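Listed here are the chains, written in short residue letters.
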Amino acid sequence: MNDKKCGIHELYAENPEQADLLVWGRKVDPITRRGFFKKSGLAAMTAFLGAHIPFADKMPGGLIPAAMAAGEDSFAIQGKEGLTILNDRPINAETPPHLLDNNITPAKYLFVRNNGMPPKENEIDVDTWTLEITGESCEKPTTFTIAELKEKFKQYTYQLQLECGGNGRSAYDPPARGNQWSLGAVGCPKWTGVRLKDVLDYCGVKKDAIYIGYYGADKHLSGNPNKQPISRGVPIAKAMEDKMLIAWSMNDEKIPLLNGYPLRLLCSGWPASTSGKWLKKIVIRNKIHDGTKMTGKAYRIPCESVAPGTKVKDDDMCIIESMPVKSLITFPKTGVEHKLTEGKLAIRGHAWAGDLSVERLLVSIDFGATWRVAKLKKPVNRFAWQHWNAEIEFPEKGYYEIWAKAMDDNGVSQPMVVPGWNPKGYLNNSCHRIAVQVV
Ligand SMILES: Nc1nc2c(c(=O)[nH]1)N[C@H]1C(S)=C(S)[C@@H](COP(=O)(O)O)O[C@H]1N2
Ligand SMILES: [Mo]
């Protein structure tokens, strides 16, 4: 999968000088091949490497620092552990399935999907942070501090799953551009906040309202303050569901900076791109919100299915709504060895189904020829993922694959193979499978 990864490696491979300029603002002298940092570029690299660089002036241009080049693990994201980094500007990182084993996803294992440059921690003051509710279909535009939100509205805590619309994109052929997520752009932490509905009601939703849109405090990659990295939303009916939250806390702690500190929107069940991070403003619209990444082909799929590789007109693309049914095997880790003499192998994982719930989870060890029903729990609340487990008996030694397949309460199952191709590679909910060596 390495060849599909983009980010610093690809950038440097393609054009080292351009990469230097982009990442660090470092210009290369064409004769000496030395890199000349602008002050801010050197500061950025120093911060990245976590140390002052005594010989920075001798560093050749177009050279990727060895601390980053060595491999994924040498380039750590603050507060995260064991994530696979897909891109570093903006930061995008996913969680290997075996690290998603916890029932409630810990902060260190929640994936990161940034479209722009997040605000810096020292730029954020929780006490003065405000959320503005406005828009043409808002009767009483109001600005709240976080303290006012806490004081004015009832507080709720729910476990809410988040999955990027592009999770699974790496499996599409022909490939779709964008972060090559495999399985781990998903998680299900516990969030505390106020209901979006209560806040919207307080500010007055006019009769002609049909959509909401969010704005966050992150900046566009170009640095242009008039451009948003992303500004998406959901129809009013979805916004008014009682588990859509404006949250200030995740797992009883402050939300991690990269996941939206100090305030984020949660529209669980829909592509996580509808759950705005670093939340500053919500607009109540009298038309479908037309913010960045609402239009064109972003977060849209062909209204009618198309053959792989088809060019689709923007007009024939429809906004993705509820995410499809999906599951993960989170224990054991793929490639595990199991001794036949030890008897059954206990396996487990989670399953979720967007706006719906999961009705059944099936497992197979014979490449899908036969399936057995696993034990499946009810969600702790709507929009929380559901835990499942099973005990697997192997007939003899050898190589096996364990496949898991979930079915939602409309009777729709995950496909075994990659589902309908679409230009941007969204909604791959094909079955997760792991390898087991029985010895
Ligand atoms: N302000 C803002 N909100 C955002 C994004 C962003 O880049 N900026 N990314 C969106 C996308 S595409 C996803 S998948 C989720 C990712 O949430 P996470 O990084 O907390 O896992 O946040 C969404 N909310
Ligand atoms: Mo996303």
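Computed from a predicted structure; not experimentally measured.

A. Representation of the nonpolar core in the model. In terms of nonpolar packing, the biggest core is built from 57 residues, with I133, L149, W191, I246 and I282 touching the most fellow members. Among the elements that make up this core, the one with the highest residue count is strand β14 (residues 245-250) (five residues). In contact with I133, other than residues within four places in its own chain, are C138, P141, T142, F144, V199, L200, C203, I282 and I284. Counting 21 residues, the second-largest nonpolar core is a separate cluster that includes A374, I402, A406 and V438.

B. How the structure looks around helix α6 (residues 196-203). Those residues of α6 lying buried are L196, V199, L200 and C203. In a view along the axis of α6, the buried residues occupy a sector of 100°, so they form one face of it. Directly after α6, the chain includes G204, whose backbone phi takes a positive value near 80°.

C. Here's a closer look at the confidence of the model for the chain. For the chain, per-residue confidence averages 91 on the pLDDT scale, and 90% of positions sit at 70 or higher. Below pLDDT 50 for its whole length, residues 1-6 participates in 13 contacts with residues either more than four positions away or in separate chains. Note on residues 70-74: pLDDT is under 50 here. Beyond four places in sequence and across chains, it has six contacts.

D. Examining the sheet that holds strand β23 (residues 358-364) more closely. Taken together, the five strands give an open sheet; going across it, the order is β21-β28-β27-β23-β24, and neighbouring strands pair in mixed fashion. In this open sheet, the two strands that pair with only one neighbour each are β21 (336-338) and β24 (372-373).

E. Representation of the sheet that holds strand β22 (residues 345-352) within the structure. Taken together, four strands build an open sheet; the order of strands is β20-β22-β26-β25 and the sheet is antiparallel. Each edge of the sheet is formed by a strand with only one pairing partner; in this case those strands are β20 (326-331) and β25 (375-376). Judged from the two bridges that link them, β25 and strand β26 (residues 386-392) form a sheet pairing that is antiparallel. Each bridged residue has a counterpart across the sheet, and for L376 the counterpart in β26 is W388.

F. Spatial organisation of the site of ligand 1. Close to ligand 1 lie 20 residues, the nearest being F111, N115, D218, R264 and K277. Here S275 contributes a backbone N or O atom positioned 2.9 Å from a nitrogen atom of ligand 1. Coverage of ligand 1 by the protein chains reaches 100% of its 530 Å² of free accessible surface. Every element with two or more residues in the shell around ligand 1 is listed here: β5 (112-113) and β12 (211-216). Looking at side-chain class alone, the shell around ligand 1 contains nine nonpolar, seven polar and four charged residues.

G. Molecular detail of the pattern of salt bridges. Applying the stated rule across the entire model yields 16 salt bridges. Residue E81 pairs with K108 through a salt bridge whose shortest N-O separation is 4.0 Å. With E81 in the loop between α4 (66-69) and β3 (84-88) and K108 in the loop between β4 (91-94) and β5, this residue pair connects regions lying 27 residues apart in the sequence. For K108, a relative accessible area of 31% translates into the label partly exposed. Here E136 ties to R285 by a salt bridge, and the two come within 2.8 Å at their closest N and O atoms. Here R285 lies in strand β17 (residues 279-285) and E136 lies in the loop between β6 (130-134) and β7 (142-145), a separation of 149 residues in the sequence. We classify E136 as partly exposed; its relative accessible area is 31%. Classification of R285 by relative accessible area gives buried; the value is 10%.

H. Representation of the state of the cysteines. Evaluated as defined, the whole model comprises one disulfide. Between the sulfur of C303 and that of C318 lies a disulfide, 2.0 Å long from S to S. Taking the sign of the torsion about the S-S bond as the criterion, the disulfide between C303 and C318, at about 100°, is right-handed. Of this pair, C303 sits in the loop between β18 (300-302) and β19 (317-319) while C318 sits in strand β19, and the two are 15 residues apart along the sequence. For C303, a relative accessible area of 38% gives the class partly exposed. No disulfide involves C188; its sulfur sits 15 Å from the nearest other cysteine sulfur, which is in C267.

I. The arrangement of the environment of I329 in detail. Position of I329 among the secondary structure elements: in strand β20. The buried category is assigned to I329, whose relative accessible area is 1%. As for I329 and R433, which are separated by 104 residues in sequence, their C-alpha atoms are 7.3 Å apart. Dropping the residues within four chain positions of it, I329 is found in contact with P97, R348, G349, W388, I402, W403, A404, H432, R433 and I434.

J. A look at the packing of aromatic side chains. This structure, assessed with the given rule, holds nine aromatic pairs. Here the aromatic rings of Y299 and Y426 are separated by 5.3 Å at their centres, their planes lie at 25°, and the arrangement is stacked. Of the two residues, Y299 is situated in the loop between β17 and β18 and Y426 in the loop between β27 (398-408) and β28 (432-438); the sequence distance between them amounts to 127 residues. With relative accessibility at 5%, the residue Y299 sits in the buried group. Residue classification places Y426 among the buried positions, given a relative accessible area of 3%. Between the aromatic rings of F394 and Y400, the centroid separation amounts to 4.7 Å while the plane-to-plane angle is 50°, which identifies the pairing as tilted. Among the aromatic residues, those joined into a ring-pair cluster are F144, F153 and Y202. The ring of Y215 has K281 lying over it, and the distance from NZ or CZ to the ring centre is 5.0 Å.

Criteria and thresholds
Residues numbered from 1 in each chain as written. Chains lettered and ligands numbered in written order. Predicted model: local features only at pLDDT ≥ 70, side-chain atom pairs only at ≥ 80, totals over all residues. Heavy atoms only, no water. Core = buried A, V, L, I, M, F, W, Y, C linked by side-chain atoms within 4.5 Å. Buried < 20%, exposed > 50% of the residue type's maximum accessible area, 1.4 Å probe, protein only. Helix = DSSP H or I, 4+ residues; strand = E, 2+ residues; numbered from the N terminus. Contact = heavy atoms within 4.5 Å. Arc of directions from axis to C-beta. pLDDT = per-residue confidence, 0-100. Pairing = 2+ DSSP bridges. Near = heavy atom within 4 Å. Polar contact = N/O pair within 3.5 Å; in protein donor to acceptor, adjacent residues only side chain to side chain. Areas by Shrake-Rupley, 256 points an atom, 1.4 Å probe, with all protein chains shown as cover. Nonpolar A, V, L, I, M, F, W, Y, C, P; charged D, E, K, R; others polar. Salt bridge = Lys/Arg side-chain N within 4 Å of Asp/Glu carboxyl O. Disulfide = S-S within 2.5 Å. Phe/Tyr/Trp six-rings, centres within 6.5 Å; stacked < 30°, edge-to-face > 60°. Lys NZ or Arg CZ within 6 Å of the ring centre and 35° of its normal.

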